[in-house]
Amino acid sequence: MSWKIYERKSPKSKFTLFIGIPDVGLVGPISASFLIKSLKLETLALLDSEMMPPLLLFHNSEPTFPVRIHGSDDICVLISEVAIPVKAMYPLAKMIIEWAMEKDAEKIVTLSGIPVPNRLELQTPRVYVTASKKEYAEELAKNGVQQLKEGFMSGMHALILKEAYIKDFPAIALLSESYFNYPDPGAAASLINAINTLFGLSIDVTPLREQEEEIRVKLRELMKRTLETMRQAGKEYEYTLPAMYA
Amino acid sequence: MGEDWFIEYIKKIRREFENLLSEVERELYSPLIDYRTKTLQPLYEIADLGDKLMIRIDLPGVKDPSKVSIKGSENKLLVEAKMERPTSFEDLPTYACRSYNYYRVEITLPFPVDFKKSRAKLRRGVLEIELPKKIKYYKVKVE
C-alpha cells in the first residue's frame, strides 16, 4: 500500500516545493490554491494511493486528481483538495521527500495553520516558522516571522519535517494563527504575505480578501471531512505542553 | 418466562444504540444543506465554560445582527440567519444547482440552559451565544 505519482512534466532543478494539505482552518489548501491561481502554475504530476477514497475531481469540466503537483521553473505547489486519512499520511510524507530529492528541489515549505483561541480578535494573524533544522527557522525568523520554540506539531506537516530531518533535507513549516475548525482565508492571506517577504515574491492578496466570505461558505464541507481526520491525527497534542517544558 | 423482561431490555438498548448510530452517520455523511428549507447548515462548536455554554457558529456573509434569529427551548437552539448576498452553487448538482442566502441550524444542547440570561454577539461573520447553565447546587455536610 503506497502512493503512486503520474508525472506529466518534470520540474527544473533547485525549485521550492510548497505543500498545502487540509488541516487546521484549511489554511494549507487555501494558500496553495491561491499560489497556483496567482502564479498560473500548470499541472506537473498527479498523485494517488489505494489508501485514499476512490475519488476523481472535475475543474471546468476537466478531470483531475484531488492530490497533485503544479509548477513553473522555480516554484512547485503540492495541493490536496481532500482530507488525507492518517494511515496514508506516513507513506505520502516519505514519497514527497524522496520525489523532492530525486528532482533536486532546493527546499520544501509546508503551509498550514496553528489554532489560537483569540483568532476572532486578530485582524492580522501572525505567522510562525519551524523547520527540520533549527538554523533554517532562525534564518527566516530574522524577516519578521515568529519562531516556534515549544510545543507539539501534528499532521502532514509534522511528518514531512520528521522525514526531512531523517533524510537531512531542508524543510520549513509556515504556520499562520487561525481558527481550528472554520475555513480561514484571512490566515491564508497572512501566510501569502509572509511567503512574499521570505521568498522574494510579490503576490497581491486583495483577491483572496475579496473572496473571503465565499471561500468560507464553500469550504464548509471540506472542513467537516478534515475535522474527522484531525481527530485521528492527534491534533489535541498541539494544546499540550511537552513534559520537558515543565 | 422470567427472562422475558431481560430480552426486552436488551432489545430496547439495541434499538437506542442503532438510533444513536444512525444519527451519528447522518451527521457525518449528510451534506451541509437542507433542500427542504433551502438553507445552508453552518459549522458550529459548543464549548463548556463551567457555569455556561458558549456556542460559536460560523456565518460568513452575515453582517447585520438584525438578520439573525435565535430561538431556544429547554435543550434546543434554533438559529437562522440571512446573508448579505446569496452564494452561488450553480455548478453543483449536489446543491441542486442554485444559490443560497439563508443559514439554519438546530443544535441539541448538552445541558438545560437559562435563555432569559443569554447573550449573543455577531463579529466578522461569527456568532457567539453565551447560555448560562441551569444548575442547582446542594450543600453537602462534611463531618
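Quick note: structure is the one above.
Residues numbered from 1 in each chain as written. Chains lettered and ligands numbered in written order. Predicted model: local features only at pLDDT ≥ 70, side-chain atom pairs only at ≥ 80, totals over all residues. Heavy atoms only, no water.

Student: Help me out: how do you make sense of the sheet that holds strand E9 (residues 126-132) of chain B in this one?
Tutor: Hydrogen bonds between backbone atoms are what pair the strands of a sheet, whose relative direction is either parallel or antiparallel. Residue and element names in this part refer to chain B. Spatial ordering of the open sheet is given by E3-E4-E9-E8, a layout of four strands whose pairing is antiparallel. Strands with a single pairing partner mark the edges of an open sheet, and in this sheet they are strand E3 (44-48) and strand E8 (119-123). Across the sheet, the mean angle separating the axes of adjacent strands is 15 degrees when strand polarity is ignored. With five bridges connecting them, E8 and E9 associate as antiparallel partners. Along E9, the bridge assignment pairs Lys-121 with Glu-128. (Pairing = 2+ DSSP bridges. Helix = DSSP H or I, 4+ residues; strand = E, 2+ residues; numbered from the N terminus. Axes fitted to C-alpha atoms, helices over the stretch in contact; angles between N-to-C directions.)

Student: Honestly, the nonpolar core in this entry has me stumped. Any pointers?
Tutor: Across soluble globular proteins, nonpolar side chains have a tendency to be buried as a group. Counting residues in hydrophobic clusters, the biggest one holds 70 residues, and the most contacted among them are Leu-174 of chain A together with Leu-40 and Ile-57 of chain B. Take this core: its biggest share by element is eight residues, from helix H5 (residues 185-199) of chain A. Excluding anything up to four places from it in sequence, Leu-40 of chain B contacts Val-217 and Arg-220 of chain A together with Leu-32, Ile-33, Met-83, Phe-89, Tyr-95, Tyr-100, Tyr-102, Tyr-103 and Arg-104 of chain B. Residues Trp-3, Leu-44, Ala-93 and Ile-96 of chain A belong to the second largest nonpolar core, which totals 37 residues. (Core = buried A, V, L, I, M, F, W, Y, C linked by side-chain atoms within 4.5 Å. Buried < 20%, exposed > 50% of the residue type's maximum accessible area, 1.4 Å probe, protein only. Contact = heavy atoms within 4.5 Å.)

Student: How should I be thinking about the packing of aromatic side chains in this particular structure?
Tutor: Think of a pair of aromatic rings as described by two things: how far the centres are apart, and how the planes are tilted against each other in angle. Within this structure, the stated rule accounts for eight aromatic pairs over all chains. For the ring pair Phe-18 of chain A and Phe-199 of chain A, a centre distance of 5.7 Å and an interplane angle of 85 degrees mean the geometry is edge-to-face. Placement of Phe-18 of chain A in strand E2 (residues 16-20) and of Phe-199 of chain A in helix H5 is noted, with a sequence separation of 181 residues between them. On the basis of an interplanar angle of 85 degrees and a centroid distance of 6.0 Å, the ring pair of Tyr-95 of chain B and Tyr-100 of chain B is categorised as edge-to-face. Considered together, Tyr-95 of chain B and Tyr-100 of chain B belong to a single accessibility category, that of buried residues. Put simply, the rings of Phe-89, Tyr-95 and Tyr-100 of chain B touch in pairs and so form one group of aromatic residues. (Phe/Tyr/Trp six-rings, centres within 6.5 Å; stacked < 30°, edge-to-face > 60°.)

Student: Can you help me understand the pattern of salt bridges in this one?
Tutor: Side-chain pairing between opposite charges can occur once the charged atoms of the two side chains come close. Applying the stated criterion across every chain, the model contains 32 salt bridges over all chains. For Glu-45 of chain B, the salt bridge is made with Arg-56 of chain B, and the minimal N-O distance between the two is 4.0 Å. Placement of Glu-45 of chain B in strand E3 and of Arg-56 of chain B in strand E4 (residues 52-58) is noted, with a sequence separation of eleven residues between them. For Arg-56 of chain B, a relative accessible area of 22% translates into the label partly exposed. Put simply, Glu-121 of chain A together with Glu-45, Arg-56, Arg-123 and Glu-128 of chain B are held in one network by salt bridges that share partners. (Salt bridge = Lys/Arg side-chain N within 4 Å of Asp/Glu carboxyl O.)

Student: Is there a simple way to think about the interface of chain A and chain B in this case?
Tutor: The extent of an interface is frequently quoted as the accessible surface area lost upon association of the parts. Tallying the contact residues gives 20 residues for chain A and 30 residues for chain B. Considering only the surface of chain A that becomes buried against chain B, Leu-120, Tyr-182 and Arg-220 of chain A emerge as the three largest contributors, covering 35% of it. Joining chain A to chain B, the criterion identifies three salt bridges. The salt bridge partner of Glu-121 of chain A is Arg-123 of chain B, with a shortest N-O separation of 3.2 Å. Counting across the interface, chain A meets chain B through 15 residue pairs in polar contact (both at pLDDT 80 or more). (Buried area = accessible area lost by both parts, 1.4 Å probe. Polar contact = N/O pair within 3.5 Å; in protein donor to acceptor, adjacent residues only side chain to side chain.)

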